[in-house]
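Residue-level structure breakdown
Okay, here's what each chain looks like letter by letter:
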Amino acid sequence: MKINFIPLDYDYKTIGNKTYMLIYGKTSEGKTCCVIDKAVNFFYILNAENPEKMIKNIEKISQVKKAEITEKNYLEKPERAIKVFCEYNQMQEIARKIELLDKNTETRERDINQITRYILEKKIKPLVWYEIEGNIISDNELNGLANSLDVDLVIELEKIKELKEQIDFKPKILAFDIEAEEFEIGKGEILMISLVSDNIKKVLTWKYCKKAEEYVECFKNEAEMIEKFADYIKKINPDIITGYYSDGFDLPYLRVRAEKNKIDLKLGKDGSRILFSRGNLINARIKGLVHIDLLKFIETVYSQYLQSETLSLNEVSKELLGESKLEIDHNKKSGERNEEEWKDFFSYNLQDSILTYKLFQKFWPDFLEFAHIVQEPLFQLTRYGMSHLVENYIIHNLERFNEIAEKRPIHEEIAERREREKYEGAFVLQPSPGLYENLAVFDFTSYWPSIIVTYNLSLSTFLGEKKQLDSFEVPVAGKKYYFSNKTGFFSSMLKEIIILRKKYKEEYKKDEDPIKKARSNAYKLLANASYGYQGFFGARYYCPEASASATSISRDFTKKIIETINKKDYEVIYSDTDSIAFKLNKHTKQEALNFLKKLNSELPGIMELELEDFYKRGIWVTKRTGEFGAKKKYALVNFQDKIKIRGFETVRRDWCFLAREVQNNILKMILNSGKHEKALEYIKEIIKKIKQREIDKKELIIRTQLKKPLAEYKSISPHVIAAQKIKERGEPIDIGMLISYFIAETQEKKKLVREKVKLPDEKGEYNIDYYLNNQILPAVENIFQVFNINIKEIVEGKKQKKLGEF
DNA sequence: GGATAGCTGTTACC
DNA sequence: ACCGGTAACAGCTATCC
């Protein structure tokens, strides 16, 4: 039979002694389908002294299916490699035996997992439509496999062809969220579970059942509720199940409670349980049903574009959907809630799933495009960090270069790499503090990728520290690194990525299709991460020499451009890595643009400078100590009156809201008018209010993230004390939490700030001295210093003046 | 016991 | 541990006299 099929999830099983792939997906008629195919697996042997002879010995090893010589490249060099075919589960043992045959040989690609290998070889890529021909598998074939799978159709693959006309695919989504009595995994009962899918909104519960809303379904106990939850999943039969931090909370919690209630929670389409990975970062996999935890993907791919100060469901929803979580009192135990409060609790629980569902829809184009570009299945893809995304992109594109993949570093290598000294990074120009008018900012487009491409910087093109034929040198830290003139695959791929990014960005400009935006964005992220990837200890294509060369070249370029700009009677004020801010002086904007063109005509390769914007005004301040200008701190206003603030306390979440707000207002006043008088009146007013205790405590809460376990802190800072206090109350403390506190007045004179820490709901008055001298004044004094105004003297100084008068 | 250099820790910029 | 280095800054800690 012939069907149109789109793969969603990949699995493999050993039946008899053969490995079979199980590709779960959908047909164009909306049926769930599992395509069965024999798996492919092999690895390579390099450096064999006599490959022909060695093949004979390899073929004697039991379980080796076939060994052949292939002409491949390994790190650009031609190799006569031996390709050894075997079952995936035999591979490590066979590879070890082969290594014993000849100690000079090395194995490669035995660290490519079965799913990736299959996608590479059979080209059945995730989320791409195929026309598939094959036979329906009968119940008595393959150990009754077909019978054990909970899908509409099980087909053994015979022929496959990518559909020329791809069909729009909208997966069926089920979002869910649980509420439990206790925060600690499995400690308390699960009180309710909400589910949201197309036309379905449900809250399942058992603890409180009086007069609930229509969407609430009540059961006699926790066990029945959990069972019904599993039933609903089966009945709704979604393609994807999604939650927010469901890897780390909802599913682990469900597992423990199911075990406690002696329920076998078999949600996998092959009848398997939820599979939890071991290790630090737990993930929860359900075979045949793609589980996506939105939080993980947002962290790696989206957080850099978000303004939100935390990645909580509430803040992310507010920013991306314009909707919030509902509010309830989390401190109450079940028994303490009245009817109204239970109702609120149910709608709170439902709202979480609604938000998760909507966020999923928002991110769907990104999932889809990353899957197409990186060619890895959704489950894996959504959990990858940036390095994995880059690396998998590379692996799935090596074939065009006939390259054998480099191996993943082993434990010792990683340890060694992590100990390497840092290489010198980018150049940052120390600004002269001041208020400047009429500025322009130029920056290099995709600076790191364009340097890597233009100068061919990568592991396979790195030739060492000695001059060689057809090479060029890069000076790094008193040494010279040589790279090949012949373009390597890393640079080639990166160049393609940059070109594709440009293409889809322009297409998106013409037609604002979210898919095009997602595609352009995926390429952009891959390009930007490729520089960091080469310096990352876990990378297959780790090459700190390439990274160090890239930064060395970057410093040269930036400094040279600065020099050229200054020579033309412009005046460079500031520069950080790839951007240069300068005064136009007597030049017009058009002249600056012409100048930009000229600069570009002299740049090599794909390197390019562009106008970031023209600015009406900009302010740079001194460092807190010393009279030098502070780097990475400035504020600009463009000719559309849009303000851009970088580095100032305004944008730092570990300062109290008042300090941030006041500084923000002052920067705005100064940038908009070019004068300080209004700002000075304003700050005097604020200071007066603080002294008269007219400030709401809410404005004075300081929030700092807890980045490691409490016990590991060598230095006990205020937020550690605050966290201890929370712990003493019996409330949960978790790494990554934002700890809120304020600094209070104390009875006795206490020296350390931490001795004055109080939690937001603790009784106590705010410490006037602290908020004045450690929050508000530090946030504004450097700004006034630009106008030669010493704000501290003005605040305290009136007394001094009076003293002086006598 | 106070001053302070240096360290730890967080958060930003690019 | 899960892409890199540069930088500002607070507040603690060790060390000095």
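What you see is a predicted model; the values in this text were computed from it and never measured.

Focus on the side chain of Glu 649
Note that Glu 649 resides in the loop between strand 27 (643-646) and helix 18 (657-673). Here the side chain of Glu 649 touches Gln 663 through a polar contact of 2.8 Å, side chain to side chain. Those residues in contact with Glu 649, other than ones at most four positions away along the chain, are Arg 624, Lys 633, Trp 655, Arg 660, Gln 663 and Ala 779.

Some details on the protein's contact with DNA strand C
Surveying the vicinity of DNA strand C reveals 37 residues, the closest of which are Ser 387, Gly 425, Arg 624, Lys 631 and Tyr 770. For DNA strand C, the fraction of protein-proximal atoms (within 4 Å) that sit in sugar or phosphate groups is 88%. Separating a phosphate oxygen of DNA strand C from a backbone N or O atom of Met 386 is a distance of 3.5 Å. The backbone of Ser 387 places a nitrogen or oxygen atom 2.7 Å from a phosphate oxygen of DNA strand C. If you list the elements that add at least two residues to the surface near DNA strand C, you get helix 11 (386-395), helix 15 (514-534), strand 26 (629-638) and helix 21 (768-785). The greatest single-element share of the surface near DNA strand C, amounting to four residues, is contributed by helix 21. Residues that form the surface near DNA strand C fall into these classes: 16 nonpolar, 10 polar and 11 charged.

As for the environment of Leu 359
The residue Leu 359 is located in helix 9 (residues 339-374) in this model. Expressed as a C-alpha distance, the spacing of Leu 359 and Leu 777, which sit 418 residues apart in the sequence, is 41 Å. Leaving out residues up to four positions away in the same chain, Leu 359 has contacts with Tyr 244, Leu 294, Leu 313, Val 316, Ser 317, Leu 320 and Leu 321.

Observations concerning the packing of helix 18 against helix 19 (residues 677-691)
Two elements in contact, helix 18 and helix 19, have axes separated by 9 Å at closest approach and are oriented at 165°. Between helix 18 and helix 19, the angle falls in the class roughly antiparallel. For the element pair helix 18 and helix 19, the recorded crossing hand is right-handed. Packed against helix 18, whose contacting residues are Leu 658, Glu 661, Val 662, Asn 665, Ile 666, Met 669 and Ile 670, the element helix 19 presents Lys 678, Ala 679, Tyr 682, Ile 683, Ile 686 and Ile 690 at the interface. Of the residues that constitute the contact of helix 18 with helix 19, the class distribution is 10 nonpolar, one polar and two charged.

Here's the deal with the packing of aromatic side chains
Across all of its chains, the model carries 43 aromatic pairs by this definition. Considering the side-chain rings of Trp 342 and Phe 346, the 5.8 Å spacing of their centres and the 40° angle between planes classify their relative orientation as tilted. Placement of both Trp 342 and Phe 346 in helix 9 is noted, with a separation of four residues, approximately one turn of the helix. Overall, the relative accessible area of 2% leaves Trp 342 in the buried class. An aromatic cluster of three or more residues is present, and its members are Trp 129, Phe 169, Phe 297, Tyr 302, Tyr 305, Phe 360, Phe 363, Trp 364, Phe 367 and Phe 370. Note that Lys 589 overlies the ring of Phe 639, its terminal NZ or CZ placed 3.6 Å from the centroid.

As for the state of the cysteines
A full pass over the atoms with the stated rule returns one disulfide. For Cys 209, the disulfide goes to Cys 218, at an S-S distance of 1.3 Å. Across the S-S bond of Cys 209 and Cys 218 the torsion is about -50°, and the bridge reads as left-handed. For Cys 209, a relative accessible area of 40% puts it in the partly exposed group. The closest cysteine sulfur to the non-disulfide-bonded Cys 34 is located on Cys 33, 7.0 Å from its own sulfur. Residue classification places Cys 34 among the buried positions, given a relative accessible area of 0%.

Observations concerning the protein's contact with DNA strand B
Taken together, 19 residues form the shell around DNA strand B, and within it Asp 578, Lys 632, Tyr 634, Gln 705 and Tyr 713 come nearest. Lys 632 has a polar side-chain atom sitting 2.9 Å from a base oxygen of DNA strand B. In this structure, a phosphate oxygen belonging to DNA strand B sits 3.0 Å away from a main-chain N or O atom of Lys 714. Listed by contribution, the elements that provide at least two residues to the surface near DNA strand B are strand 26 and strand 28 (702-705). Taken together, the residues of the surface near DNA strand B break down into three nonpolar, six polar and 10 charged.

With respect to the sheet that holds strand 5 (residues 64-74)
Strand order across the open sheet formed by four strands is 5-6-4-7, with antiparallel pairing between neighbours. Among the strands making up the open sheet, the edge pair consists of strand 5 and strand 7 (106-108). Shown here is a sheet whose adjacent strand axes are inclined to one another by a mean of 30°, direction ignored. Most of the contacts of helix 1 (residues 51-60) go to strand 5, to which it runs at about 150°, and overall it touches strand 4 (42-46), strand 5 and strand 6 (77-86).

Describing helix 19
In this model helix 19 runs 22 Å from its N-terminal to its C-terminal C-alpha over 15 residues, within 8% of the 21 Å that 1.5 Å per residue would give. Looking at helix 19, one finds that the buried residues are Ala 679, Leu 680, Tyr 682, Ile 683, Ile 686, Ile 687 and Ile 690. The buried side chains of helix 19 occupy one side of the element, clustering within an arc of 160° when seen end-on. Facing away from the buried side of helix 19 by more than 90 degrees, the exposed set consists of Lys 678 and Glu 681. Where helix 19 terminates, the next one or two residues include Arg 693, which has phi positive at roughly 55°.

The rules behind each value
- Residues numbered from 1 in each chain as written.
- Chains lettered and ligands numbered in written order.
- Predicted model: local features only at pLDDT ≥ 70, side-chain atom pairs only at ≥ 80, totals over all residues.
- Heavy atoms only, no water.
- Helix = DSSP H or I, 4+ residues; strand = E, 2+ residues; numbered from the N terminus.
- Polar contact = N/O pair within 3.5 Å; in protein donor to acceptor, adjacent residues only side chain to side chain.
- Contact = heavy atoms within 4.5 Å.
- Near = heavy atom within 4 Å.
- Nonpolar A, V, L, I, M, F, W, Y, C, P; charged D, E, K, R; others polar.
- Axes fitted to C-alpha atoms, helices over the stretch in contact; angles between N-to-C directions.
- Parallel < 35°, antiparallel > 145°, perpendicular 65-115°, else oblique.
- Left-handed = near helix turned anticlockwise from the far one by under 90°.
- Phe/Tyr/Trp six-rings, centres within 6.5 Å; stacked < 30°, edge-to-face > 60°.
- Buried < 20%, exposed > 50% of the residue type's maximum accessible area, 1.4 Å probe, protein only.
- Lys NZ or Arg CZ within 6 Å of the ring centre and 35° of its normal.
- Disulfide = S-S within 2.5 Å.
- Pairing = 2+ DSSP bridges.
- Expected span 1.5 Å × (residues − 1).
- Arc of directions from axis to C-beta.

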